[in-house]
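Chain by chain, the residues run as shown.
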Amino acid sequence: KGEKVHILTLLRLVVATGILTKEKIIFTLTNQRNPVYKLFENLFKKDKQEKTSKIVSKIIPLLYKIRVHHVEPILEQHRRTLTRKYKQKAVEGDLEDSIIYKEIKKVLKNDTKLEKLIKRNVNYNTEHILPVLIFKIKNLIIKNDGEDKFELNVPKDKLNDFLRTLIEVIYETYVDLKLNGLPTSLTTVVRSKDFYEIGTEAYKTLLRTYNLEETNFVYNNRFLV
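Residues numbered from 1 in each chain as written. Predicted model: local features only at pLDDT ≥ 70, side-chain atom pairs only at ≥ 80, totals over all residues. Heavy atoms only, no water.

**Student:** Provide a residue-level description of the overall build of the protein, including the pertinent values.
**Tutor:** Check the secondary structure of the protein and you find 12 helices and 2 strands. Listed N to C, the secondary structure of the protein is α-α-α-α-α-α-α-β-β-α-α-α-α-α in terms of helices and strands. Taken along its principal axes, the extent of the C-alpha atoms in the protein is 65 × 40 × 40 Å. Here the protein holds 225 residues, and the buried ones make up 45% of them. Sequence separation of 24 or more characterises 74% of the internal contacts of the protein that already satisfy a separation of 6 or more. Just so you have it, the protein exposes about 12800 Å², and 48% of that area is on carbon and sulfur atoms. With 42 positive and 29 negative side-chain charges, the protein shows a separation of 6 Å between the mean positions of the two kinds. (Helix = DSSP H or I, 4+ residues; strand = E, 2+ residues; numbered from the N terminus. Buried < 20%, exposed > 50% of the residue type's maximum accessible area, 1.4 Å probe, protein only. Contact = heavy atoms within 4.5 Å. Areas by Shrake-Rupley, 256 points an atom, 1.4 Å probe, with all protein chains shown as cover. Lys, Arg positive; Asp, Glu negative; His and termini not counted. Charge placed at Lys NZ, Arg CZ, Asp CG, Glu CD.)

If you want it as structure tokens, here you go:
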């Protein structure tokens, strides 16, 4: 038996592609439950949207595969890297401007407590980071001509490195935002347009580095609900 997956885990990935909404709506739907359910209720109850419904159902496996085979393992691996990095920064006194500096001073001589503090602050929520990644790569989604399925327009032998770079950039910026002090709640920040801009320059650089072409597939198949 396969692992059970909550339907919201799948639907949120589709929302991030922009195939169903205007761009500004994508941001506000981050980590929202009822509005996402409503969006898909409206999609599947209308016959004229049958084409989009079929595309959505076929694009979900690609998005979920990206989550399970790339995003989750890369985030977990990089969490360990960032824990070591920021722990070293704490020891060397390079986190004086962070919001946890006072806490660091209290536990600096206790290695166990220091590591626990750092881990807590470099931790991540996949539901915050993953939508930004999908939003970034949405224009690389293509339909495989030989098969009735979707994939990314990235060479298979380059895909993990390509995604790793983007994921790590988004994750590192996410941690820096938290440590520098947020202007409002984290929930509000991750629903902003500015948050979704994270990784844009890295993405553009990767397109040039790998000589990748974006497509209009998502845009041409959009059906705004």
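Having seen it, we continue.
**Student:** Residue-level account of the nonpolar core, with values.
**Tutor:** Core analysis: the largest hydrophobic core is formed by 72 residues, its most contacted members being Phe40, Leu133, Ile137, Leu152 and Phe162. In terms of residue count, the dominant contributor to this core is helix 4 (residues 50–91) (13 residues). In this structure Phe40 touches Leu11, Val14, Val15, Leu20 and Val56, once residues within four positions along its chain are discounted. (Core = buried A, V, L, I, M, F, W, Y, C linked by side-chain atoms within 4.5 Å.)

**Student:** Tell me about a negative patch on the surface, residues and numbers included.
**Tutor:** There is a patch of like negative charges on the surface, built from Glu92, Asp94, Glu96 and Asp97. Within the secondary structure, Glu92 is located in the loop between helix 4 and helix 5 (101–107). (Patch = residues over 30% accessible without salt bridge, like charges linked within 9 Å, V, L, I, M, F, W, Y side chains within 5 Å. Salt bridge = Lys/Arg side-chain N within 4 Å of Asp/Glu carboxyl O.)

**Student:** Lay out helix 6 (residues 111–122) in plain terms, naming residues and giving numbers.
**Tutor:** End to end, helix 6 covers 16 Å across 12 residues, agreeing with the expected 16 Å (1.5 Å per residue, within 8%). Taken as a whole, helix 6 has its buried residues at Leu114, Leu117, Ile118, Asn121 and Val122. Buried residues along helix 6 cover an arc of 120 degrees about the axis, so they all sit on one side. Turned more than 90 degrees from where helix 6 packs its buried face, Thr112, Lys113 and Lys116 sit exposed. Along its buried surface, helix 6 packs onto helix 4, helix 5 and helix 8 (156–180). (Expected span 1.5 Å × (residues − 1). Arc of directions from axis to C-beta.)

**Student:** Please set out the environment of Leu117 residue by residue, giving values where relevant.
**Tutor:** Positionally, Leu117 belongs in helix 6. Sequence separation of Leu117 and Val107 is 10 residues, and the distance between their C-alpha atoms is 8.4 Å. Leu117 has contacts with Ile100, Glu103, Ile104 and Val107, leaving out every residue within four places of it along the chain.

**Student:** How would you sum up the side chain of Lys138? Please name residues and give values.
**Tutor:** Relative to the assigned elements, Lys138 resides in the loop between helix 7 (126–137) and strand 1 (141–143). Buried within the structure, Lys138 lacks any salt-bridge partner; Glu23 is the closest side chain of opposite charge, at an N-O distance of 4.7 Å. Here Phe135 takes part through its backbone oxygen, which lies 3.0 Å from a polar atom of the side chain of Lys138. Contact partners of Lys138, with chain neighbours within four places excluded, come to Ala16, Thr17 and Val218. (Polar contact = N/O pair within 3.5 Å; in protein donor to acceptor, adjacent residues only side chain to side chain.)

**Student:** Which residues make up helix 1 (residues 7–17), and what values go with them?
**Tutor:** Most of helix 1 sits out of view: 10 of its 11 residues are buried. Where helix 1 terminates, the next one or two residues include Gly18, which has phi positive at roughly 80 degrees.

**Student:** Which residues make up empty space enclosed by the protein, and what are the values?
**Tutor:** Rolling a probe over the atoms, with the probe sized like a water molecule, indicates the empty space that remains. Using the criterion set out here, one finds 1 cavity of 30 Å³ or more in the structure. Computed from the structure, the largest cavity encloses a volume of approximately 70 Å³. Lining the largest cavity, in full, are Arg12, Val15, Ala16, Ile26, Leu29, Thr30, Asn31, Val36, Glu127, Pro131 and Tyr196. Looking at the lining of the largest cavity element by element, the count peaks at 3 residues for helix 1. (1 Å grid on protein atoms, 1.4 Å probe; cavity = no way out; pocket = protein on both sides within 12 Å on 5 of 7 lines; lining within 4 Å. Points joined across faces, edges and corners; volume = space filled by probe spheres on them.)

**Student:** Go over the layout of surface pockets with me, naming the residues and quoting the values.
**Tutor:** What the largest pocket holds in volume is close to 350 Å³. If you trace the largest pocket, you find 13 residues lining it, with Leu62, Lys65, Phe150, Glu151 and Lys156 closest to the centre. Listed by contribution, the elements that provide at least two residues to the lining of the largest pocket are helix 4, strand 2 (150–152) and helix 8. Of the residues forming the lining of the largest pocket, the biggest block, 6 residues, is contributed by helix 4. Taken together, the residues of the lining of the largest pocket break down into 7 nonpolar, 1 polar and 5 charged. (Nonpolar A, V, L, I, M, F, W, Y, C, P; charged D, E, K, R; others polar.)

**Student:** For the environment of Thr209, give the residues involved together with the corresponding values.
**Tutor:** Relative to the helices and strands, Thr209 resides in helix 11 (residues 200–209). Along the sequence, Thr209 and Phe162 sit 47 residues apart, while their C-alpha atoms lie 9.8 Å from each other. Within the structure, Thr209 has its side chain in polar contact with the backbone oxygen of Thr205 (distance 2.8 Å).

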